[in-house]
Amino acid sequence: MATTNIMKNYISLVIPLLFAYPTVQAQTFLPHTQIKTTVSEKVNIQAKAYNLEEVTLYQSPFLVAQQADVKLLKWMQPDRLLAGFRTNAGLQPKADKYGGWESMGLAGHSLGHYLSALSLYYGGNKDNDILQRINYIVDELNEIQSARKTGYIGAILEEDRIWSEVAKGDIRTHSFDLNGGWAPWYTIHKIMAGLLDAHIYAKNPTALTVATKFADWADQLLTNLNEEQMQNMLKCEYGGMAEVLTNIYAFTGNEKYLKLSYRFYDKPLLDALANQEDALPGKHANTQIPKAIASARRYQLTGDKKDQDIANFFFQTVLQHHTYATGGNSNYEYFGQQDKLNNTLSDNTTETCNTYNMLKLAQQLFVINPQTSLMDYYERALYNHILASQNPNDGMVTYYTSLRMGGSKEFSDHEHSFTCCMGTGMENHVKYNESIYFKNPNGGIYVNLYIPSQLDDKSQGIQLSQQSNIPTTDFVSFSVNSTSKKVIPLYFRKPSWTTVFTISVNGKEIQPILDEKSGYYVISQKWGKNDQIQLQLGSGFHTEAMPDNPNRRAIFYGPVILAAQLGLDEPDPVEGIPVLISNSNDPKDWVQMENANYLNFKTKAKTAYPNTIALKPFNQFVNEHYTLYWDVFTADQWKVQQAKYEADKFAQRELESRTLAFFRPGEMQPERDHEFTGEHLETGEDHNRKWRIASPKGYMSFTMKVNPTDNNELMLTYWGMDNRDRTFNIEVDGKVIAQQDVNQFKESKFYDINYQIPKELTKGKSKVTIKLIPKDERNSAGPIYGARTVVSKK
């Protein structure tokens, strides 16, 4: 990026201010060892965050991922992210917009993530090129805000109309749509959070001023809305608005921002959680997690017990009942029924944004009540989802991290992705140093993660240098150098996966004290120069089964999931997805180490069907296909299951091999991908799947890929026993190809019905428009639970 004179001048003014501001931890603002907010926490904080600059990463896969991310951040052009903001403010844009969501209804959210990522990295590394970008963006947003004269900043389509209608109480909303806008509060949160991070990490005073004026605009906009109108508006995803407003309150001391945060309170959901009711099945997962984060942060500042109950219950419910082995959650972005995960392994599992937010929630809960279980989750999700979500060769990231057996990772591109998960991905990989260490009120240091790093706690005169290669080796070494005259306790987490846990100090094995409240092992003594601590953490095999299928398991070695290496091409539907056959229930009888230095494994002889298979950590996969869940059978079970297992797999894989497009109605991104539209539409969820229906006088329309030279079929999925007026025509590019009466399906099950598409309608085309139109004014079209185009069987 070319450095402008404005940017150069700004640097000369701001650099002298750097030493007046301490740095602080993480976009989700945590109670901190040094920084003092205007409003102090009202509850007893048991662990505080270190400055990012106090924790330095040593060489490891985490540092490699961070460097790839920084390269991406420096490649991106701020003016392209700012283009929509300038246009909407009546200013001339300085560059063209990026593609993807930045050229669509959610335009602007990427700038907020980008500003946060820059600020997070600068907070730990003091890179002047990064600082120039931060200050330039803040100056631009200040100019844009001044031009608009209301305090508002935005880049979304028709935003003036949308907000004018909302202010008057004219609110039309559902899920992701607010008066025709795509989740506009979601984008506002990202911008506010980015500005707050620029203030915290880059010490930019203007950033807080701009964020506060933006919050003032929101307060004024909503001032005349009653509770019913607010709750109606909150049916549309609103991101972390309650959290960022809470933090603006903490920095300014102005209680109106705290009161405004409480207005962003989704009463039906959050009241249910406060009453210990799992209201999550069927809900869009990442819409809900920021609500719990806000409750956790608000509890710290207010002591509101209800907020604490919400945050704790939400986290434990997601972790215990809705989480896959990687630490990720959701299928097609939605929570399913409790403990029903076995049949949800798809290419659209584990949206990366969800795990980004679950880690933030774990941090907020940890500072209140440090527990090894919270950091066990944090480690699992960090190693097996977040690290696994990046292509370290170019910094590109996954939206979904596929858990389909035989799946592969699909990474973003530089110009056109700019999805929510690319936004959070910008942040994920620059902040690996943020939770390795925490500090308790008595000066004790929590060692949470065994990632090669150095902690410089200058306030206590102590330095910890950690060398680790877990799980390649079983040992973690610390060099401790201290000038302090006082006893400084060191708290070491015993991971849930370890088979051996010993601690030696200066070559002598000791018996540390177990802190029963936190679960950490404690060594308390005065430290001197070059004291040596060594931990042995045995990295054996263990498994995690599906909650609803004990014979479908993920295999871990230490903290990492091992996945089968299935090659660069899509695996064969029968021979390509291995199963394990063993009368032993111990994974060490299934898998053996081949190369400890590279963590290469393979299945033992005659254990895997159809052939011996190689495995490696899931976070090392880039372009290969894989499976990380295995079906495990005893020899007798396999004799019974083999024929059915292979027939079922073949039928599904054969269908997938002929599939050109698959559309899941009622879900945000699939509907946008397939240009879904219509009139008099309704949506809902039954039988754990979402549906769409066009009521009388309405229609629904969507596009699907076709093969221009072959015979194509349209497959629609219905549910039986839906005995109402459900007769409708099915059109392809304006021509009726079939009429369907859903009432003919009499069993309570899903029906996949195929319709031949005349070849003349697909000749020379790569996609067609499907339109479902009610037969008459009494009938409806649908409901449909899915649509698929396939090449006809030969």
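Each value, and the rule that gives it
- Residues numbered from 1 in each chain as written.
- Predicted model: local features only at pLDDT ≥ 70, side-chain atom pairs only at ≥ 80, totals over all residues.
- Heavy atoms only, no water.
- Helix = DSSP H or I, 4+ residues; strand = E, 2+ residues; numbered from the N terminus.
- Rg over C-alpha atoms; globule rule 2.2 N^0.38 Å.
- Buried < 20%, exposed > 50% of the residue type's maximum accessible area, 1.4 Å probe, protein only.
- Contact = heavy atoms within 4.5 Å.
- Areas by Shrake-Rupley, 256 points an atom, 1.4 Å probe, with all protein chains shown as cover.
- Lys, Arg positive; Asp, Glu negative; His and termini not counted.
- Charge placed at Lys NZ, Arg CZ, Asp CG, Glu CD.
- Core = buried A, V, L, I, M, F, W, Y, C linked by side-chain atoms within 4.5 Å.
- Pairing = 2+ DSSP bridges.
- Axes fitted to C-alpha atoms, helices over the stretch in contact; angles between N-to-C directions.
- Disulfide = S-S within 2.5 Å.
- Salt bridge = Lys/Arg side-chain N within 4 Å of Asp/Glu carboxyl O.
- Polar contact = N/O pair within 3.5 Å; in protein donor to acceptor, adjacent residues only side chain to side chain.
- Parallel < 35°, antiparallel > 145°, perpendicular 65-115°, else oblique.
- Left-handed = near helix turned anticlockwise from the far one by under 90°.
- pLDDT = per-residue confidence, 0-100.
- Arc of directions from axis to C-beta.
- Phe/Tyr/Trp six-rings, centres within 6.5 Å; stacked < 30°, edge-to-face > 60°.
- Lys NZ or Arg CZ within 6 Å of the ring centre and 35° of its normal.
- Nonpolar A, V, L, I, M, F, W, Y, C, P; charged D, E, K, R; others polar.

A.B. asks: What is the right way to look at the overall build of the protein chain in this model?
C.D. replies: A tally of helices and strands in the protein chain yields 19 helices and 36 strands. For the protein chain, the C-alpha radius of gyration of 27 Å lies close to 28 Å, the compact-globule estimate for 794 residues. Taking the principal axes of its C-alpha atoms as reference, the protein chain extends roughly 85 × 70 × 50 Å. Taken across its 794 residues, the protein chain has 62% of its residues classed as buried. Across the protein chain, the fraction of contacts at a sequence separation of at least 24, relative to all contacts at a separation of at least 6, is 72%. Split by element, the accessible area of the protein chain, about 29800 Å² in all, is 47% carbon and sulfur. With 81 positive and 88 negative side-chain charges, the protein chain shows a separation of 2 Å between the mean positions of the two kinds.

A.B. asks: Any chance you could explain the nonpolar core here in plain terms?
C.D. replies: Among soluble globular proteins, nonpolar side chains are generally buried collectively. Membership of the largest hydrophobic core comes to 115 residues, with the highest contact counts inside it found for L361, Y437, L464, F478, F492, I533 and L535. Not counting residues up to four positions away in its chain, the partners in contact with I533 are V476, S477, F478, V480, L490, F492, I503, S504, V505 and W527.

A.B. asks: Sorry if this is basic, but what is going on with the sheet that holds strand β16 (residues 531-537) here?
C.D. replies: Within a beta sheet, neighbouring strands are joined by backbone hydrogen bonds and run either parallel or antiparallel to one another. Overall, antiparallel pairing links the 7 strands, which are arranged β2-β8-β9-β10-β16-β12-β13 in an open sheet. Taken across any chain shown, the strands that pair with only one partner, and hence form the sheet edges, are β2 (55-57) and β13 (508-510). For this sheet, the mean angle separating the axes of adjacent strands, direction not counted, is 20 degrees.

A.B. asks: Explain unusual backbone geometry here, please?
C.D. replies: Of all residues except glycine, most have a negative phi; of all peptide bonds, most are trans. Residue P471 follows I470 across a cis peptide bond; omega there is 5 degrees. Inspection of the secondary structure assignment puts P471 in the loop between β9 (462-468) and β10 (475-482). Note the cis peptide between Y609 and P610, where omega equals 5 degrees. With respect to the helices and strands, P610 occurs in the loop between β23 (608-609) and β24 (614-617). Not every positive phi belongs to a glycine, and E333 is a case in point at roughly 75 degrees. Tracing the backbone through its elements, the reader meets E333 in the loop between α14 (305-321) and α15 (352-368).

A.B. asks: Even after reading the chapter, I still don't get the state of the cysteines, so can you show me in this structure?
C.D. replies: By definition, a disulfide links the sulfur atoms of two cysteines through a covalent bond. Taken as a whole and assessed by the stated rule, the structure comprises 0 disulfides. The cysteine C353 is free of any disulfide, with C421 supplying the nearest cysteine sulfur at 3.4 Å.

A.B. asks: Would you explain the pattern of salt bridges in this entry?
C.D. replies: One side chain can pair with another of opposite charge once the charged atoms of both are near each other. If you walk through the whole model with that rule in mind, you get 38 salt bridges. The closest approach of N and O atoms between E654 and R658, which form a salt bridge, is 2.6 Å. Of this pair, E654 and R658 both sit in helix α18 (residues 635-658), separated by 4 residues, roughly a single helical turn. Each member of the pair, E654 as well as R658, is classed as buried. Via salt bridges that share partners, E158, R161, E165, D170 and R172 belong to a single interconnected network.

A.B. asks: Even after reading the chapter, I still don't get the side chain of R788, so can you show me in this structure?
C.D. replies: For R788, the position within the fold is in strand β36 (residues 786-791). Look at R788: it is buried, it has no salt bridge, and the nearest opposite charge is E656 at 5.7 Å. Only 2.9 Å separates the side chain of R788 from the side chain of T659, close enough to count as a polar contact. Apart from residues lying up to four places away in sequence, R788 is in contact with Q652, L655, E656, T659, A661, F662, M704, E713, L714 and M715.

A.B. asks: Sorry if this is basic, but what is going on with the packing of helix α13 (residues 285-302) against α14 here?
C.D. replies: Where α13 contacts α14, the axes come no closer than 8 Å and their chain directions differ by 140 degrees. With respect to α14, the element α13 is oriented oblique. The handedness of the crossing between α13 and α14 is left-handed. Residues Q288, I289, A292, S295, A296, R298 and Y299 of α13 lie in contact with α14, whose contacting residues are K305, D307, Q308, I310, A311 and F314.

A.B. asks: Please explain the pairing of β10 as it appears in this structure.
C.D. replies: Sheet faces and side chains relate simply in a regular strand, where the side chains alternate between the two faces. A one-sided burial pattern is seen for β10, the buried positions being V476, F478, V480 and S482 and the unburied ones F475, S477, S479 and N481. Here β9 runs beside β10; their pairing, made up of 7 bridges, is antiparallel. Paired with Q463 across the strands is N481, a residue of β10. Between the end of β9 and the start of β10, which pair antiparallel, lie 6 residues.

A.B. asks: Explain the confidence of the model for the protein chain here, please?
C.D. replies: Low-pLDDT portions of the prediction should not be read for the details of their coordinates. Across the protein chain, the average pLDDT comes to 92, with 95% of residues at or above 70. Low pLDDT, under 50, characterises residues 1-27; the stretch is placed with 70 contacts to residues that sit more than four places away or in other chains.

A.B. asks: What's the story with helix α6 (residues 159-167) in this structure? I'm lost.
C.D. replies: In an α-helix, one full turn covers 3.6 residues, which means residues spaced three or four apart are oriented alike. Turning to α6, its buried residues number three or more, namely E159, I162, W163, E165 and V166. Buried residues of α6, seen end-on, are gathered within an arc of 160 degrees and therefore sit on one face of the element. Taken from the residues just after α6, G169 is the one with a positive phi, measuring 85 degrees.

A.B. asks: In this structure, what is going on with the packing of aromatic side chains? I would like to understand it.
C.D. replies: Two measures describe an aromatic ring pair: the distance that separates the ring centres and the angle between the ring planes. Counted under the stated rule, the structure contains 39 aromatic pairs. Relative to F264, the ring of W185 lies with its centre 5.0 Å away and its plane at 75 degrees, an arrangement referred to as edge-to-face. Taken as a pair, W185 in helix α7 (residues 184-202) and F264 in the loop between α11 (255-263) and α12 (267-274) lie far apart in primary sequence, 79 residues in all. Judged on exposure class, the residue W185 and its partner F264 are both buried. By way of ring pairs, the aromatic residues Y152, W163, W185, F214, W217, Y238 and F264 are connected into one cluster. Sitting over the face of the ring of F621, K616 holds its NZ or CZ atom 4.9 Å from the ring centroid. Here R664 stacks its cationic end above the ring of Y332, 3.5 Å away from the centre of that ring.

A.B. asks: I keep staring at the sheet that holds strand β7 (residues 445-447) and nothing clicks. Help me out?
C.D. replies: Reading across from one edge, β1-β6-β7-β11-β15-β14 is the order of the 6 strands in this open sheet, with mixed pairing throughout. Of all the strands in the sheet, the pair left with one neighbour each is β1 (48-49) and β14 (513-514). Strand direction decides the pairing type here: strand β6 (residues 437-439) and β7, joined by 3 bridges, are antiparallel. Within β7, the position partnered with K439 by the bridge is I445.

A.B. asks: Mind showing me how you'd approach α11 here?
C.D. replies: Listed as buried for α11 are Y257, L258, L260 and S261. Projected down its long axis, α11 carries its buried residues within an arc of 160 degrees, all on one side. Looking at the buried side of α11, the elements it contacts are α8 (205-221), α10 (241-252) and α13.

A.B. asks: Explain the packing of α7 against α8 here, please?
C.D. replies: Helix-helix packing is characterised by the crossing angle of the two axes and by the distance between the axes. Contact pair α7 / α8: the axes reach a minimum separation of 7 Å and the direction vectors enclose 150 degrees. Classed by the angle they form, the pair α7 and α8 counts as roughly antiparallel. Crossing angle aside, the handedness with which α7 passes α8 is left-handed. Facing W185, I188, I191, M192, L195, L196, A198 and H199 of α7, the residues of α8 in contact are P205, A207, L208, V210, A211, F214, A215, W217, A218 and L221. The residue inventory of the contact of α7 with α8, partitioned by class, reads 17 nonpolar, 1 polar and no charged.

A.B. asks: Would you mind going over the side chain of K203 with me for this structure?
C.D. replies: Within the secondary structure layout, K203 lies in the loop between α7 and α8. E53 is the oppositely charged side chain nearest to the buried, salt-bridge-free K203, at an N-O distance of 6.6 Å. Within the structure, the side chain of K203 is placed 3.3 Å from the backbone oxygen of I200, a separation counted as a polar contact.

A.B. asks: I tried to follow the pairing of strand β11 (residues 488-492) on my own but got confused; where do I start?
C.D. replies: Judged by how many residues are buried, β11 sits mostly within the fold: 5 of 5 residues are covered. Of the two faces of β11, both are covered, the one formed by I488, L490 and F492 as well as the one formed by P489 and Y491. Across 3 bridges, β7 lies against β11 in parallel orientation. Residue V447 lies in a different strand from β11, and its bridge partner there is F492.

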